[in-house]
Amino acid sequence: MEMQMLRFARVSKTFVLHTQGAAQLPVLDGVDLSLLKGECVVLDGPSGTGKSTILRMAYGNYLCGAGEIQVFHEGVWLDIAKAAPREVLAMRHETMGYVSQFLNVVPRVSTLDVVSEPLRMHGMEVDLAKSRAMALLERLNIPEKLWSLSPVTFSGGEQQRVNIARGFIRDYPILLLDEPTASLDGANRMTVIALIREAMARGTAVLGIFHDAVTRDQVATRILDVDQFQQAT
Ligand code: ADP
Ligand code: MG
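Residues numbered from 1 in each chain as written. Chains lettered and ligands numbered in written order. Predicted model: local features only at pLDDT ≥ 70, side-chain atom pairs only at ≥ 80, totals over all residues. Heavy atoms only, no water.

Before going further, it helps to examine the packing of aromatic side chains. A complete count under the given rule lists 3 aromatic pairs for this structure. Pairing phenylalanine 15 with tyrosine 62 gives two aromatic rings, centres 5.3 Å apart and planes at 85 degrees, and the pair type is edge-to-face. With phenylalanine 15 in strand S1 (residues 4–17) and tyrosine 62 in the loop between helix H1 (51–59) and strand S4 (66–73), this pair connects stretches of sequence that are 47 residues apart. Above the plane of the ring of tryptophan 77 lies arginine 7, whose end atom (NZ or CZ) is 4.8 Å from the centre. (Phe/Tyr/Trp six-rings, centres within 6.5 Å; stacked < 30°, edge-to-face > 60°. Helix = DSSP H or I, 4+ residues; strand = E, 2+ residues; numbered from the N terminus. Lys NZ or Arg CZ within 6 Å of the ring centre and 35° of its normal.)

Quick look at the side chain of threonine 49 now. Counting through the fold element by element, threonine 49 comes out in the loop between strand S3 (40–44) and H1. The class of threonine 49 is buried, set by a relative accessible area of 6%. A polar contact is formed between the side chain of threonine 49 and the backbone oxygen of proline 46, at a distance of 2.7 Å. Ignoring anything within four residues of it in the chain, the contact list for threonine 49 reads Val27, Leu28, Val226, Asp227 and Gln230. (Buried < 20%, exposed > 50% of the residue type's maximum accessible area, 1.4 Å probe, protein only. Polar contact = N/O pair within 3.5 Å; in protein donor to acceptor, adjacent residues only side chain to side chain. Contact = heavy atoms within 4.5 Å.)

Reading across from one edge, S2-S1-S4-S5 is the order of the 4 strands in this open sheet, with antiparallel pairing throughout. Bordering the open sheet on either side are strand S2 (23–36) and strand S5 (76–79), each of which pairs with just one other strand. Along the sheet, successive strands turn relative to each other by an average axial angle of 25 degrees, direction set aside. When S1 meets S2, the two strands line up antiparallel, connected through 10 bridges. Along S2, the bridge assignment pairs leucine 6 with leucine 35. The strands that H1 touches are S1, S2 and S4; relative to S1, the one it contacts most, it runs at about 110 degrees. (Pairing = 2+ DSSP bridges. Axes fitted to C-alpha atoms, helices over the stretch in contact; angles between N-to-C directions.)

As a further point, take the site of ligand 1. The environment of ligand 1 is formed by 13 residues, the closest being Gly48, Gly50, Lys51, Ser52 and Thr53. Here ligand 1 loses 66% of its free accessible area of 560 Å² to cover by the protein chains. Looking at the shell around ligand 1, the elements with two or more residues in it are S1, S2 and H1. Grouping the constituent residues of the shell around ligand 1 by class yields 6 nonpolar, 6 polar and 1 charged. (Near = heavy atom within 4 Å. Areas by Shrake-Rupley, 256 points an atom, 1.4 Å probe, with all protein chains shown as cover. Nonpolar A, V, L, I, M, F, W, Y, C, P; charged D, E, K, R; others polar.)

Looking now at the nonpolar core. Counting residues in hydrophobic clusters, the biggest one holds 36 residues, and the most contacted among them are Leu6, Phe8, Leu43, Ile54, Leu176 and Leu207. Not counting chain neighbours up to four residues away, the residues in contact with leucine 207 comprise Leu6, Leu35, Val41, Leu43, Ile54, Leu55, Leu175, Leu176 and Leu177. Counting 35 residues, the second-largest nonpolar core is a separate cluster that includes Val162, Ala165, Phe168 and Leu175. (Core = buried A, V, L, I, M, F, W, Y, C linked by side-chain atoms within 4.5 Å.)

Printed below as a string of structure tokens:
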């Protein structure tokens, strides 16, 4: 049975730059997409076409200008375009994970705490959450000597892997991935590909952006060209 998890209908987005005389930047128009359980839809298109904006609207970070963004959350459809802030937070807590392009680094919080937090916030006992985090950090080749440190001073590739570990530590029904492999070497990239495929096999619906064709071809069940949704100017 094909089960829909996320659906965009006629979504458009124009940025208004309030610090620049309310200049309007038209970006997306007529975005239609549907994401099924267990599949990976890859957003494709040149830089600046609005791929990251689509993920941010789905996560409720950016308001959607028009249209609907329906998320299958706890057995019912929730329109993120109209949802109250607490509904968006509940949706993120239960239903949707998001690996952003860059780690939002919190000073003085250890890597182990950064990665295990989603499990602890979901009620898992601390020691178990930490042991799960350790296993994932090990798999992503983050040296043990770094686990008690804040990722603030880590290299770009290390920060990206901490971010990936935090995104994959839980089994979210929907996972958004924004260029998770951009600054990784070949071996770590293969690990991330394996993590994505394992999540899909468990039924996670993945919506992703991948800059490299290798990763894209290893994970994509469908490729969606974002160029077709450019807003006419
Ligand atoms: P992509 O991920 O495809 O490279 P983005 O979604 O990041 O593209 O950006 C699409 C367009 O929207 C770009 O022109 C970018 O400058 C603009 N944009 C993105 N975020 C904002 C924002 N917060 N405010 C204003 N413009 C933005
Ligand atoms: Mg982007």
